[in-house]
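Structural features, examined
The lines below spell out each chain.
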Amino acid sequence: MLALMRAPSKYVQGPDALLELYDHVKDLGTSILFICSKSGYKAARPKIEKSFAGKNASIKFEIFGGISSVGEIAKMQKIAKENKVGVICAIGGGSAIDTAKATAYYEGLPVVIIPTVCATDAPCTGLSVIYNDDGSFAKYIFYPKNPDAVIVDSSIIVKAPVRFLVSGMGDALGTYFEARMCQKTNSPSLENGGITKSAMALCKLCYNTLLEDGFKAKKSAELGILTPAVEAIIEANTYLSGVGADNGGLATSHSVYNGFTALEECEKTMHGELVAFGTVVQLVLEDAPMEEIEEVMDFCVSVGLPVTLKEVGVTDPSRVMIAAEKACASGESIHNMLGDVTPEQLYAAVLAADALGKDYIGE
Ligand SMILES: [Zn+2]
């Protein structure tokens, strides 16, 4: 397996970054279709129109249906064709981003990503999660390249509900530990390549940034104010976590997320919240040193990420076996663990993680 490293061609981040959008995308094309979530549209449109005012360019905004489904992508492709657009641009969270990436890929157009929340690491990765029109999971699409540009307006991100930023930290928390396991077991990255030193450095920096700036960032974001810590966490959640996971690979944390989506009591639990709890589960499976487990739990508790089953929505531990079986389905990244993991072993690790979490928060 050859070592491989991929990333977006351009990454821009800062206060009012969208006021400079035209300058950052004009070389890709000047006829742009913006595929927007409702809240993303509201937050971003005024700045984008300002940036494009008086420029020789045509822009069109479409609010998409809310999930990255096969039908929604077909609808956006039709709009792109009818309007002869040259660039697809996503505005919003993970679903808007996945819809835009797929539309651009099928139409052979460049794609620009404008995240307006920081809840997952979707903006920088080279893949999409696609659903059927009834909301059930359909497939992953792995693209030949990562987005052409990712433009992050931190003034917009910091005004979004804080739970999104915290959940993004949970998604970012898995990155280093999952990549470390893939490296140990010589498993391929999400881009199906060998893991580079560069990827590992980004993953480690991602984790260190969370420890250094996570709590400070949360406190500022609660007030809606931008500080260096908030900027650091936006970069960790978006670039370091996305490029890190893409090139570093996944293991238990993300399989725990996939498994727990089988439980309806976890419906309201966010992706990153389950990934955070899954990271403690992975450390239990690895039999990691207690200092490391405590460091991770300490971080989770400080920013408000879950460390117990109750906090992810599960009050009946006998339900965990359903999640464990789904998490260990064939093709799941949990099989990148050393010596592999059975549903019974994962079940035990989840209960052990829950016990450690309860003890930690004094329950
Ligand atoms: Zn994730």
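- The name given to the protein in an unreviewed UniProt entry is Glycerol dehydrogenase, and the organism recorded there is Caproicibacter fermentans.
- Its UniProt record, at the heading Pathway (unreviewed entry), says of the protein: "Polyol metabolism; glycerol fermentation; glycerone phosphate from glycerol (oxidative route): step 1/2."
- According to the UniProt record, the Sequence similarities (unreviewed entry) comment for the protein reads "Belongs to the iron-containing alcohol dehydrogenase family."

1. Section: the pattern of salt bridges
- Summed over the entire model, instances satisfying the criterion amount to 19 salt bridges.
- We note a salt bridge from Glu62 to Lys60, for which the minimum N-O separation is 3.5 Å.
- On the basis of relative accessibility, which here comes to 29%, the residue Lys60 falls in the partly exposed class.

2. Thoughts on the coordination of the zinc ion
- On the protein side, the zinc ion has Asp171 (OD), His254 (NE2) and His271 (NE2) as donor atoms, found 2.1 Å from it.
- Each donor residue of the zinc ion lies on one chain, and together they are spaced D-x82-H-x16-H. Note that Asp171 is positioned in helix α6 (residues 162–184) and His271 in helix α10 (residues 271–286), a separation of 100 residues in sequence. With respect to burial, Asp171 and His271 carry one shared label: buried.

3. Thoughts on a nonpolar patch on the surface
- A contiguous nonpolar patch, built from Phe137, Tyr140 and Phe142 and spanning about 320 Å² of accessible area, is present on the exposed surface.
- Here Phe137 lies in strand β7 (residues 137–142).
- Exposure remark for Phe137: the relative accessible area of 45% places this residue in the partly exposed category.

4. Topic: the environment of Arg180
- As for its position among the elements, Arg180 is in helix α6.
- The buried category is assigned to Arg180, whose relative accessible area is 19%.
- Sequence separation between Arg180 and Lys204 is 24 residues, and the spatial gap between their C-alpha atoms is 9.1 Å.
- Residues in contact with Arg180, not counting those within four places in the same chain, are Met200, Leu283, Glu286 and Glu292.
- Within polar-contact distance, the side chain of Arg180 engages the side chain of Glu292 at 2.9 Å.

5. Considering the packing of aromatic side chains
- For the coordinates displayed, the defined rule picks out 13 aromatic pairs.
- When the ring of Tyr22 is compared with that of Phe52, the centres are 5.4 Å apart and the planes differ by 85°; the resulting orientation is edge-to-face. Taken as a pair, Tyr22 in helix α1 (residues 21–25) and Phe52 in helix α2 (residues 38–52) lie far apart in primary sequence, 30 residues in all.
- Judged by relative accessible area, Tyr22 falls into the buried class, the value being 14%.

Basis of the calculations
- Residues numbered from 1 in each chain as written.
- Predicted model: local features only at pLDDT ≥ 70, side-chain atom pairs only at ≥ 80, totals over all residues.
- Heavy atoms only, no water.
- UniProt positions renumbered as here; feature names shortened; annotations may be inferred.
- Salt bridge = Lys/Arg side-chain N within 4 Å of Asp/Glu carboxyl O.
- Buried < 20%, exposed > 50% of the residue type's maximum accessible area, 1.4 Å probe, protein only.
- Donors = N, O, S within 2.8 Å, 3.2 Å for Na, K, Ca; no water.
- Helix = DSSP H or I, 4+ residues; strand = E, 2+ residues; numbered from the N terminus.
- Patch = residues over 30% accessible without salt bridge, like charges linked within 9 Å, V, L, I, M, F, W, Y side chains within 5 Å.
- Areas by Shrake-Rupley, 256 points an atom, 1.4 Å probe, with all protein chains shown as cover.
- Contact = heavy atoms within 4.5 Å.
- Polar contact = N/O pair within 3.5 Å; in protein donor to acceptor, adjacent residues only side chain to side chain.
- Phe/Tyr/Trp six-rings, centres within 6.5 Å; stacked < 30°, edge-to-face > 60°.

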